[in-house]
Amino acid sequence: MMNKPANASALSTQSNTAVQTVQVASKRKVTYLFKFTSSSNLSLPYAMAVNGTVTDPTSGKPKRLTHNKAKTFTVDENAAVTLYLNSDAQVSFREEPVYAITPTTRDVHITITEKTGKHSDQTTPVFKETKKGSDGKEVDYYTADLTGDVWLKVSHKYTEAEAKSRIPAGTDSAIQDAVLNVYRGLSTAQVTATFAATASKAAQSITMSFDASNNASSNISTFSLLSDGLPRTHPKGLIALFRAAQLAGVSKLTLSSAWRPMLGSIAHRSGLGLDINYMEAGDKKIRVNREELRKSAPDLDWVSAEEKTLFSTYEQAQKDAASAAKEQKAAAAALKKAQKEPDKIVDAQKAKDAADKKKTDADKAKVDAEKAWNDERDRNEPAGLRSFRESLQGNSLVSQLFDPWYMDSNTRDQVAATANKQASANEKLHAHHLHLTVSEPELL
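These figures come from a predicted structure and were not determined experimentally.

## Points about the environment of Pro62
Turning to its location among the elements, Pro62 is positioned in the loop between strand S5 (53-54) and strand S6 (63-66). Taking C-alpha positions, Pro62 is 17 Å from Gly52, a pair spaced 10 residues apart along the chain.

This is the structure we're talking about:
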C-alpha cells in the first residue's frame with residue numbers, strides 16, 4: 001500500500017512508466033456580510049462568480065442576501081470571487097461584477113455597509129485587520145460600502161431594444177411607442193399615448209408624468225431622472241399602467257416613484273416597483289390618498305365623516321371580540337377544572353354558557369361593523385380608480401398591488417385583496433399612493 005504523501009496539497013498517481021504529481025488547490029472561505037441601513041428587511045438578489053464564471057448560471061431566479069446574515073462560499077485559494085447584485089444578478093444581464101476579492105493564504109470576511117449621501121462608486125473591499133476566528137484560524141477582514149452609486153451600477157439600465165423585446169405581443173402600438181420613448185431618451189418628464197377613434201370608441205389620450213426622485217438625487221453623485229432613473233424601470237410596469245388607464249378611461253397619471261436606490265423594498269431598487277399618487281378619469285381629479293382615515297389631513301373626498309365613525313366602531317368591535325374570546329377560553333378552563341369539584345360545576349357551566357353567548361354576540365357585532373365600514377368606504381371610492389385597480393389585478397404583468405383602499409401581496413393567486421386599515425407598517429406606507437410590483441419570475 002502506498003503511504004500518504006507528506007504534502008497534503010499534492011497527490012501522486014502511479015503507472016507502469018512514470019509517477020505523475022497533481023497539485024490540489026487549498027480551499028478558502030469567502031464570507032460576505034451585508035448591512036442594509038435603509039431597510040433591515042431588504043432581500044437582495046445575487047449571483048456569485050469565480051474567476052469570471054457564475055457558479056450556478058442557469059438555475060432560474062437569483063438567490064437572496066439578507067440584512068446582517070453572513071453568506072459564505074468555499075473556493076480555491078487564489079480564485080477571484082465577485083458578486084452580481086440586484087437586477088444585474090438576473091441571468092440575462094450580469095454585466096457589472098462588484099466586491100471582488102481573491103483569498104490567498106487565509107479565509108476572508110467582507111462586511112458591506114449601506115451608506116447614504118453622495119459618495120464615489122467604490123466597490124473594492126478595503127483590508128482592515130487579520131484576527132483569529134472561533135475555530136482558531138486566522139481570517140482577513142475587509143470592509144466596503146454600498147452607496148447610491150453602487151445601487152445605480154447594479155441596477156440594469158434597459159436599452160430601447162431590450163425594452164422592445166419585453167413588450168408582450170398584441171400590445172397597442174400607441175402604448176408601445178409611448179413606453180419605448182422612455183428608453184430612447186426623454187426631453188421632458190412625461191410621455192403620452194394617443195389612441196385613434198374607432199367605430200365603437202372615441203379617441204383617447206393618456207399622459208403619464210414622472211416626479212423627480214429625491215431619494216436618487218440625494219444619494220447618487222450624478223443623477224438624471226430621464227437618462228438614469230426611468231430607463232432602469234422595467235418596461236412591463238409602464239405597459240401595465242397604460243393598459244389599465246386605457247380600460248378605465250384615465251387620461252392622466254402621475255408616478256411619484258419608479259426606480260430608486262435607497263428607499264423601500266427591493267422592488268423599487270430593482271426597477272420592478274411603480275408608485276402612482278395622482279390620476280384623472282373623466283372630470284374626476286383623484287389624489288390617491290386616504291391618510292385622513294386615521295389622522296387629520298386635507299379633505300380628499302374619499303373618507304367621509306360617517307366612514308370614520310363606522311371604522312372606529314369596527315375597531316372597537318374587534319377589541320370586544322378578542323376580549324370575549326379570552327373570556328370564553330378562561331370559562332372553558334374553569335369548567336374543566338370544576339369537573340373535580342361537583343359543587344362548582346353548575347356555576348362554572350353557567351359562566352361558560354354566558355361566555356359562549358358573549359363570544360357569539362361579539363363575533364356577530366364585529367362582522368356587522370366590518371360590513372358597514374366596508375360598504376361606506378367602497379361607496380366613496382372614485383369609480384375611475386376602482387376600474388384602474390381591477391384592470392391591474394387582472395394583468396399578468398403585475399404581481400402585487402398596494403393602495404389606500406386594498407392590499408394584495410399576490411395578484412396571481414386566488415386569495416382576495418384585504419382592506420387597507422392603515423394598521424401595519426406596510427398598510428401605513430401605502431395610505432397615500434398606489435404601488436404595483438412587476439411580475440418578473442427571473443428576478444423576484
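The discussion continues.
## Structural notes on the sheet that holds strand S11 (residues 126-132)
Reading across from one edge, S7-S3-S10-S12-S11 is the order of the five strands in this open sheet, with mixed pairing throughout. In the strand order of this sheet, the two ends are held by strand S7 (71-76) and S11, each with one partner. For this sheet, the mean angle separating the axes of adjacent strands, direction not counted, is 25 degrees. By the bridge criterion, six bridges tie S11 to strand S12 (residues 138-146) in an arrangement that is antiparallel. Paired with Lys131 across the strands is Val139, a residue of S12.

## Quick word on the environment of His234
Summarising the element assignment, His234 is placed in the loop between helix H5 (225-229) and helix H6 (235-248). The exposure class of His234 is buried, given its relative accessible area of 0%. The sequence separation of His234 and Trp259 amounts to 25 residues, and the corresponding C-alpha distance is 8.7 Å. Contacts of His234, omitting those with residues within four sequence positions, involve Tyr158, Arg166, Tyr183, Gly271, Leu272, Val438 and Glu440. Separated by 2.9 Å, the side chains of His234 and Glu440 make a polar contact.

## Let's talk about empty space enclosed by the protein
Applying the stated rule across the entire model yields one cavity of 30 Å³ or more. Each pocket or cavity is described by its volume, and for the largest cavity that value is around 60 Å³. Every residue lining the largest cavity is listed: Phe210, Asp211, Ala212, Ser213, Leu225, Leu230, Leu255, Ser256, Ser257, Ala258 and Trp259. Looking at the lining of the largest cavity element by element, the count peaks at three residues for strand S15 (residues 250-257). Partitioning the lining of the largest cavity into residue classes produces seven nonpolar, three polar and one charged.

What counts and how
The residue numbering used here restarts from 1 in each chain and proceeds along that chain's sequence as written. Under the rules for a predicted model, residues below a pLDDT of 70 receive no local features and side-chain atom pairs below 80 are neither given nor counted, while totals for whole chains, interfaces and linings still include all residues. Each side-chain value is derived from all of the structure's non-hydrogen atoms; neither hydrogens nor water enter the calculation. Comment: elements are numbered from the N terminus, with helices defined as DSSP H or I runs of at least four residues and strands as E runs of at least two. Strands pair, by our definition, only if DSSP identifies at least two bridges between them. To obtain an axis, a line is fitted to C-alpha atoms, over the contacting stretch when the element is a helix, and the angle between two such axes runs from 0 to 180 degrees between their N-to-C directions. Throughout, exposure labels follow a simple rule: accessible area from a 1.4 Å probe, protein chains only, divided by the maximum for the residue type, with under 20% read as buried, over 50% as exposed, and the rest as partly exposed. Only heavy atoms matter for contacts: two residues are in contact if any of them lie within 4.5 Å across the pair. Pairs of N or O atoms within 3.5 Å make up the polar contacts considered here, provided that, within protein, one atom can donate a hydrogen while the other can accept it, and that residues adjacent in sequence are counted only when both atoms are side-chain atoms. Residues are said to line a cavity or pocket when one of their atoms sits within 4 Å of a point; the points come from a 1 Å grid over protein atoms alone, cavities being sets where a 1.4 Å probe fits but cannot get out and pockets being open sets with protein on both sides within 12 Å along at least five of seven lines. Grid points are joined across faces, edges and corners, and a volume is the space filled by probe spheres set on the points. Polar here means any residue outside two lists: the nonpolar Ala, Val, Leu, Ile, Met, Phe, Trp, Tyr, Cys and Pro, and the charged Asp, Glu, Lys and Arg; Gly therefore counts as polar.

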